[in-house]
Amino acid sequence: MARFTNRSSFIWLHILQLMLIYNFSVSAAVLTYDGCMSDSANSYTVGGWCFLFYSNPSWGNNAPTQDGAQSVCLPHGSLAVGVTYKMWNKFYTNILTATAPLAWVALSRNLSYASNKDGWYWRTLLPTGGNATFPAIFSNIPWYPGEPDGFTGPVEDAAVVAYSGGLRDVRKAFTYPTYGITRLAVICQFAPPQWSFSQRGHGRMANSTYVVTRSTISELECVVQCYKNVFCVSLAFNPTTNDCQVYAVSPEDPRFSGSVTADSSYDWYIRDGMQY
């Protein structure tokens, strides 16, 4: 009997090991650009990026924290940042599920600000190991009605996309009983092997808050800078002065077209495939 029990334990251990290897290989395959692109039921593409709704049953309830979610998409992707208003609407209306109704994104808040509507910024851990940050454009976030409301007080310093609702402000850790018991997911962002940028029109953005970075470099370097930046949607380049302005919004987005300044000395370059 003892020998039989030990043999059974060995068999079950071997099966468990195989399951862990299989689950790891499946997760590794899914959490890539190709894996994201192949999972059309749980992903969305915009401007070249592929965004994936991902949940792992092994996490249990109320896990991971937002800090933990930052590493879930590595080493091939990162926790999603806000690219366009439409992208977030797509997730909460078509992709999130009732079984995992809340998904982490890379939106955080600086608690030194008094108002719940101030201090929001994007921070995502990149595959290279560094963090990319950029002040969030508050009006470009489809908040759940009434949010951000600081439901648990001024310490709500992160955000999730909620099933059939929009973005909600929460704490970076889903503690019980504050938030009850729920299943969590993450939205990962993956870059394609290559992008295409089209030169479309002339002008630049008048609002400096939309500028991700500005530098004096060559036209090719300017495009490459946009290519490498997770927040870049478009850029304006002056071939005479080599002034490169990389933007987190597009002049073709009706939400921001009013901030465009006509200037024939600047060429617009916009990521192909953007949706607004």
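Residues numbered from 1 in each chain as written. Predicted model: local features only at pLDDT ≥ 70, side-chain atom pairs only at ≥ 80, totals over all residues. Heavy atoms only, no water.

As annotated in an unreviewed UniProt entry, the protein carries the name Apple domain-containing protein and is attributed to Plectus sambesii.

*Asks:* For the packing of aromatic side chains, give the residues involved together with the corresponding values.
*Replies:* What the rule picks out here adds up to 12 aromatic pairs. Aromatic pair Tyr54 and Trp59: ring centres 5.8 Å apart, planes at 80 degrees, arrangement edge-to-face. Ring centres of Tyr210 and Phe256 lie 5.2 Å apart, and the angle between their planes is 75 degrees; this geometry places the pair in the edge-to-face category. With Tyr210 in the loop between β11 (204-205) and β12 (211-216) and Phe256 in the loop between β14 (243-247) and β15 (260-261), the pair connects residues that are 46 residues apart, well separated along the chain. Owing to a relative accessible area of 10%, Tyr210 belongs among the buried residues under this scheme. An aromatic cluster is built from Trp49, Trp195 and Tyr227, whose rings are joined through pairwise contacts. Its guanidinium or amino end placed over the ring of Trp195, Arg271 lies 4.2 Å from that ring's centre, counting from NZ or CZ. (Phe/Tyr/Trp six-rings, centres within 6.5 Å; stacked < 30°, edge-to-face > 60°. Helix = DSSP H or I, 4+ residues; strand = E, 2+ residues; numbered from the N terminus. Buried < 20%, exposed > 50% of the residue type's maximum accessible area, 1.4 Å probe, protein only. Lys NZ or Arg CZ within 6 Å of the ring centre and 35° of its normal.)

*Asks:* Describe unusual backbone geometry, naming the residues involved and giving the relevant values.
*Replies:* Omega for the bond connecting Leu74 with Pro75 falls within 30 degrees of zero, at 5 degrees, which places this linkage in the cis form. Looking at where Pro75 falls in the secondary structure, it is placed in the loop between α3 (66-72) and β3 (77-79). Put simply, Tyr176 and Pro177 share a cis peptide bond, and its omega is 10 degrees. Structurally, the position occupied by Pro177 is in the loop between β8 (166-170) and β9 (184-190). In this structure, Asn242 takes a positive phi of about 60 degrees despite not being glycine.

*Asks:* Could you give me a rundown of the pattern of salt bridges, with the residues and numbers involved?
*Replies:* Under the counting rule described, the total for this entry stands at 5 salt bridges. With its nearest N and O atoms 2.9 Å apart, the salt bridge here joins Asp263 to Arg204. Here the residue Asp263 occupies a position in the loop between β15 and β16 (267-271), and Arg204 occupies one in strand β11, the gap between them amounting to 59 residues. Accessibility expressed as a relative area gives 18% for Asp263, which makes it buried. Relative accessible area serves as the criterion here: at 27%, Arg204 is assigned to the partly exposed category. Linking Arg214 and Asp243 is a salt bridge whose minimum nitrogen-to-oxygen distance equals 2.9 Å. With Arg214 in strand β12 and Asp243 in strand β14, this residue pair connects regions lying 29 residues apart in the sequence. For Asp243, a relative accessible area of 7% corresponds to the buried category. A single network of salt bridges, built from pairs that share partners, joins Arg200, Glu252 and Asp272. (Salt bridge = Lys/Arg side-chain N within 4 Å of Asp/Glu carboxyl O.)

*Asks:* Please provide a residue-by-residue account of a nonpolar patch on the surface, values included.
*Replies:* Taken together, the side chains of Leu220, Val224 and Tyr227 make up a nonpolar region of the molecular surface, amounting to roughly 270 Å² of accessible area. Topologically, Leu220 is positioned in helix α5 (residues 219-228). (Patch = residues over 30% accessible without salt bridge, like charges linked within 9 Å, V, L, I, M, F, W, Y side chains within 5 Å. Areas by Shrake-Rupley, 256 points an atom, 1.4 Å probe, with all protein chains shown as cover.)

*Asks:* So, the pairing of strand β6 (residues 131-135): which residues are in play, and what are the values?
*Replies:* Successive residues of a regular strand alternate their side chains across the two faces of the sheet. Every second residue of β6 is oriented toward a common face, the buried set being Ala132 and Phe134 and the non-buried set Asn131, Thr133 and Pro135. The pairing of strand β5 (residues 120-125) with β6 spans 5 bridges and is antiparallel. Looking at β6, one finds that Thr124 is bridged to Ala132. With antiparallel pairing between neighbouring strands as the criterion, β5 and β6 make up a hairpin whose turn holds 5 residues, including Gly129 at a positive phi of roughly 105 degrees. (Pairing = 2+ DSSP bridges.)

*Asks:* I'd like a rundown of the sheet that holds β14, residues and numbers included.
*Replies:* Spatially, β10-β16-β13-β14-β12 is the arrangement adopted by the 5 strands of the open sheet, whose pairing is antiparallel. The open sheet is flanked by β10 (197-202) and β12, the only strands paired with a single partner. Between one strand axis and the next, the sheet turns through 20 degrees on average, direction left out of account. In the sheet, β12 pairs with β14 via 5 bridges, with the strands oriented antiparallel. Residue pairing across strands places Thr213 opposite Val246, the latter belonging to β14. Each of β10, β12, β13 (234-238), β14 and β16 touches α5; the most contacted strand, β13, lies at about 165 degrees to it. (Axes fitted to C-alpha atoms, helices over the stretch in contact; angles between N-to-C directions. Contact = heavy atoms within 4.5 Å.)

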